[in-house]
Amino acid sequence: MKVVAACMLAVLGGNASPSADDVKKILGSVGAEADENRIELLLSGLKGKDITELVASGREKLASVPSGGSAAVASPAAGTTAAAPAAAEEKKEEKAEEEEEEDDFISNIFDED
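Calculation rules
Chains are numbered independently. Their residues run from 1 in the order of the written sequence. Given that this is a predicted model, residues contribute local features only at a pLDDT of at least 70 and side-chain atom pairs are listed and counted only at 80 or more, while totals for whole chains, interfaces and linings are drawn from all residues. Computation of side-chain values covers all heavy atoms of the structure but excludes hydrogens and water. For helices, the fitted line uses only the C-alpha atoms of the stretch in contact; every axis is such a line through C-alpha atoms, and the angle between N-to-C directions lies from 0 to 180 degrees. Runs of H or I in DSSP of at least four residues are treated as helices and runs of E of at least two as strands, each being numbered from the N terminus. Geometric relationships in this document are graded by angle, where less than 35 degrees denotes roughly parallel, more than 145 denotes roughly antiparallel, 65 to 115 denotes roughly perpendicular, and other angles denote oblique. When checking whether two residues touch, look at their non-hydrogen atoms; a contact exists if any pair is within 4.5 Å. Amino acids are sorted into nonpolar (Ala, Val, Leu, Ile, Met, Phe, Trp, Tyr, Cys and Pro), charged (Asp, Glu, Lys and Arg) and polar (every other residue, Gly among them). Take the buried residues of types Ala, Val, Leu, Ile, Met, Phe, Trp, Tyr and Cys, join any two whose side-chain atoms come within 4.5 Å, and each joined set is a nonpolar core. In this scheme, a residue with accessible area under 20% of its type's maximum is buried, one over 50% is exposed, and one in between is partly exposed, where area comes from a 1.4 Å probe on protein chains only. Two helices crossing with the near one rotated counterclockwise from the far one by less than a right angle form a left-handed crossing, whereas a clockwise rotation gives a right-handed crossing. Salt bridge criterion: a side-chain nitrogen from Lys or Arg within 4 Å of a carboxyl oxygen from Asp or Glu.

**Q** Please explain the packing of helix α1 (residues 2-12) against helix α2 (residues 20-29) as it appears in this structure.
**A** In contact at an axis separation of 9 Å, α1 and α2 are set at 110° when each is read in the N-to-C sense. Regarding the angle of α1 to α2, the classification is roughly perpendicular. The residues of α2 that touch α1, namely those facing Lys2, Val3, Ala6, Cys7, Leu9 and Ala10, are Val23, Ile26 and Leu27. Partitioned by chemical class, the residues of the contact of α1 with α2 number eight nonpolar, no polar and one charged.

**Q** How should the nonpolar core be read in this particular structure?
**A** Across soluble globular proteins, nonpolar side chains have a tendency to be buried as a group. In this structure, Val3, Val4, Ala6, Cys7, Ala20, Val23, Leu27, Ile39, Leu42, Leu43, Leu46 and Ile51 together form the largest nonpolar core, which totals twelve residues. Among the elements of the structure, α1, α2 and α3 (36-46) are those that each provide at least two residues to this core.

**Q** Would you mind going over the packing of α2 against α3 with me for this structure?
**A** Their axes nearest at 10 Å, the elements α2 and α3 cross at an angle of 130°. Classified by the angle between their axes, α2 and α3 sit oblique to one another. Between α2 and α3 lies a crossing whose hand is right-handed. Mapping the contact onto sequence places Ala20, Val23, Lys24 and Leu27 in α2 and Glu36, Ile39, Glu40 and Leu43 in α3.

**Q** Please explain the environment of glutamate 102 as it appears in this structure.
**A** Along the chain, glutamate 102 falls in helix α5 (residues 86-110). Judged by relative accessible area, glutamate 102 falls into the partly exposed class, the value being 29%. Along the chain, glutamate 102 and glycine 45 lie 57 residues apart, while their C-alpha atoms are 9.6 Å from each other. Apart from the residues lying within four places of it in its own chain, the contact partners of glutamate 102 are Ser57 and Lys61.

**Q** So what exactly am I meant to see when it comes to the pattern of salt bridges here?
**A** For side chains of opposite charge, pairing can occur when their charged atoms come near one another. Using the criterion set out here, one finds two salt bridges in the structure. Among the salt bridges present, the one from glutamate 36 reaches lysine 24, with a minimum N-O distance of 2.5 Å. Of the two residues, glutamate 36 is situated in helix α3 and lysine 24 in helix α2; the sequence distance between them amounts to twelve residues. Relative accessible area serves as the criterion here: at 36%, glutamate 36 is assigned to the partly exposed category.

In structure tokens, the structure reads:
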């Protein structure tokens, strides 16, 4: 998590594509140890991606996560109980596969061995 935070601080400071040395410098400035493997994993996963787009995507995902309390269960409207069309089902499967790949990347970044 500290590697992600250091990388985000670099981006907020105006460095759109921080290097491993940039992240190490930020971590060192607060006395935190820099794990070379985690830094390289994060930077390789972020290569060629826009951080602001990744944050926006993450916010959308978090918005769909239940956050306690009881939620009303919506009952399906009449006539909508039929199976979804095949095209919609394929899109869901593709999106699920993409999300699994992204979730694997994210869980590897935050894994605290």
